[in-house]
Amino acid sequence: MAPDTSTQIHNIGYRSYDGPRLGRSYARTSLFSQSLRGAYGLGRSAKSKVLPMLLFAVMCVPALILVAVAIAVPGSTDLPIKYTTYALTTQVIIGLYLASQAPQSVSRDLRFKTVPLYFSRPIERVDYVVAKFAAMASALFILTAIPLVIMYIGSLLAKFDFGDQTKGFGQGLVSVTLLSLLFAGLGLVMAALTPRRGFGVAAIIAVLLIPYGAVTAVQGIAYNTGSTGVVEWLGLFSPISLIDGFQAAFLGATSAFPGQEAPSAAAGTVYLLVILGLIAGSYAALMARYRKAGL
């Protein structure tokens, strides 16, 4: 009688992994890198690259034009726009970029319920939040700082005063650093509230634009009715005007507030504390959100 060969044990040469265990730090760094690349469509489909790269180009084109004008006009001694003014002038582009990329960074993980997979060892909830927050802030910093670099290089080629340009460039970098952290935190919180990308996009645009429009309108009314003392404090109620007021108070920027009066040092300090509080609050809100999402 022939032996039964329906069940056999095959030696396929399986060997357990005995290489280095890279741990949480490597996982966190990999997640940061993947999220930052994804914010510009790198490593994704060609269609995913179109919008972020287009917005990046649109951010840089005005800087190139400003440099060309400054170099071409005889007798120019400075750039037409201050370094601290550029990001606020292009705030709509920044808002569109954030609204398109923040949901892409977090909403898909929520929609497809892959967040618990991230929180399996070795990565933990804090690693996920820190990596996503840092990646979004870095992506925004690249978007807002590269035009300033173009302006700075152009000003040096035009042989403008090195000290003045370097000071202005440094002030601009401080401004866009705070802007990137603030906008990244608010954008990720709004995007993480819902797994639906469309709702996240609408929420981010609403948070950035509606308060700014309301604050600007009320500031104009207060200024025209003689209540100029409240104008500087009304700026506390909009993310964009928070950056405007802070840099006008401490970085020598020209304020967009009615009358173009810079907030006092006391108001500027409050602006800075509110900005830092919102950044910290956004981080805490994300931690709370992913405590639930990770279950």
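In what follows, the structure referred to is the one given above.
The notes below deal with the structure included here. (Residues numbered from 1 in each chain as written. Predicted model: local features only at pLDDT ≥ 70, side-chain atom pairs only at ≥ 80, totals over all residues. Heavy atoms only, no water.)

1. So, the overall build of the protein
The condition that has to hold: Helix and strand definitions follow DSSP, with helices as H or I runs of at least four residues and strands as E runs of at least two, each counted in order from the N terminus. In this description the radius of gyration comes from C-alpha coordinates, and the expected globular size is given by 2.2 Å times residues to the power 0.38. By definition, residues are in contact when any of their heavy atoms lie within 4.5 Å. Just so you know, the count uses Lys and Arg for positive and Asp and Glu for negative, and it drops His and the chain ends. One atom stands in for each charge, and that atom is NZ of Lys, CZ of Arg, CG of Asp or CD of Glu.
Each helix and strand counted, the protein has 11 helices and zero strands in total. Taken from the N to the C terminus, the helices and strands of the protein come in the order α-α-α-α-α-α-α-α-α-α-α. A globule of 295 residues ought to have a C-alpha radius of gyration of about 19 Å, yet the protein, at 24 Å, is considerably larger. Its C-alpha atoms put the protein at 105 × 45 × 30 Å along the principal axes. Counting contacts in the protein only where the partners sit at least 6 residues apart, residues at least 24 apart contribute 77% of the total. Here the protein contributes 22 positively and 11 negatively charged side chains, and the mean placements of these two sets differ by 13 Å.

2. Looking at the layout of surface pockets
Here is the rule we go by: Only protein atoms enter the calculation, which uses a 1 Å grid: trapped sets of points that fit a 1.4 Å probe without letting it out are cavities, open sets showing protein on both sides within 12 Å along at least five of seven lines are pockets, and any residue with an atom within 4 Å of a point is a lining residue. Grid points are joined across faces, edges and corners, and a volume is the space filled by probe spheres set on the points. In this count, Pro and Cys sit with the nonpolar residues alongside Ala, Val, Leu, Ile, Met, Phe, Trp and Tyr, while Asp, Glu, Lys and Arg are called charged and the others, Gly among them, polar.
The calculated volume of the largest pocket comes to roughly 240 Å³. Considering the residues around the largest pocket, the lining is formed by 13 residues, among which D78, K82, Y83, D164 and G168 are closest to the centre. By residue number, the principal contributor to the lining of the largest pocket is helix 7 (residues 162–192), which donates five residues. Of the residues belonging to the lining of the largest pocket, the class tally is four nonpolar, five polar and four charged.

3. Things to note about the packing of aromatic side chains
Applied cut-off: Centres within 6.5 Å make a pair out of two Phe, Tyr or Trp rings, where for Trp the six-membered ring is used; the pair is then stacked when the planes are under 30 degrees apart, edge-to-face when over 60, and tilted otherwise. Between buried and exposed lies partly exposed: a residue is buried under 20% and exposed over 50% of the maximum accessible area for its type, with that area taken using a 1.4 Å probe on protein chains only.
Evaluated as defined, the whole model comprises six aromatic pairs. On the numbers, 6.1 Å between centres and 70° between planes, the contact of Y83 with F169 is edge-to-face. Placement of Y83 in helix 3 (residues 83–89) and of F169 in helix 7 is noted, with a sequence separation of 86 residues between them. Judged by centre distance (4.9 Å) and plane angle (55°), the rings of Y128 and Y290 are tilted. Placement of Y128 in helix 6 (residues 125–157) and of Y290 in helix 11 (residues 265–293) is noted, with a sequence separation of 162 residues between them. An identical accessibility class is assigned to Y128 and Y290; each is buried.

4. Focus on the pattern of salt bridges
The following threshold applies: By definition, a salt bridge exists where a carboxyl oxygen of Asp or Glu is found within 4 Å of a side-chain nitrogen of Lys or Arg.
Counting across every chain of the model gives three salt bridges. Where R24 meets E124, a salt bridge forms, and the shortest distance between an N and an O atom there is 3.9 Å. Taken together, the positions of R24 in helix 1 (residues 23–38) and E124 in the loop between helix 5 (115–118) and helix 6 put the pair 100 residues apart, joining distant regions of the chain. A salt bridge links R24 to D127; its shortest N-O distance comes to 2.8 Å. With a gap of 103 residues between them, R24 in helix 1 and D127 in helix 6 connect regions that are remote in the sequence. Among the residues examined, R24 registers a relative accessible area of 33% and is labelled partly exposed. Through salt bridges with shared partners, a single ionic network connects R24, R28, E124 and D127.

5. With respect to empty space enclosed by the protein
Applying the stated rule across the entire model yields one cavity of 30 Å³ or more. Its boundaries defined by the atoms lining it, the largest cavity holds a volume of some 50 Å³. The wall of the largest cavity is formed by Y212, V215, T216, Q219, S241, D244, A256 and F257. Every element with two or more residues in the lining of the largest cavity is listed here: helix 8 (197–224) and helix 10 (239–250). A per-element tally of the lining of the largest cavity places helix 8 first, with four residues. Of the residues assigned to the lining of the largest cavity, the class counts are four nonpolar, three polar and one charged.

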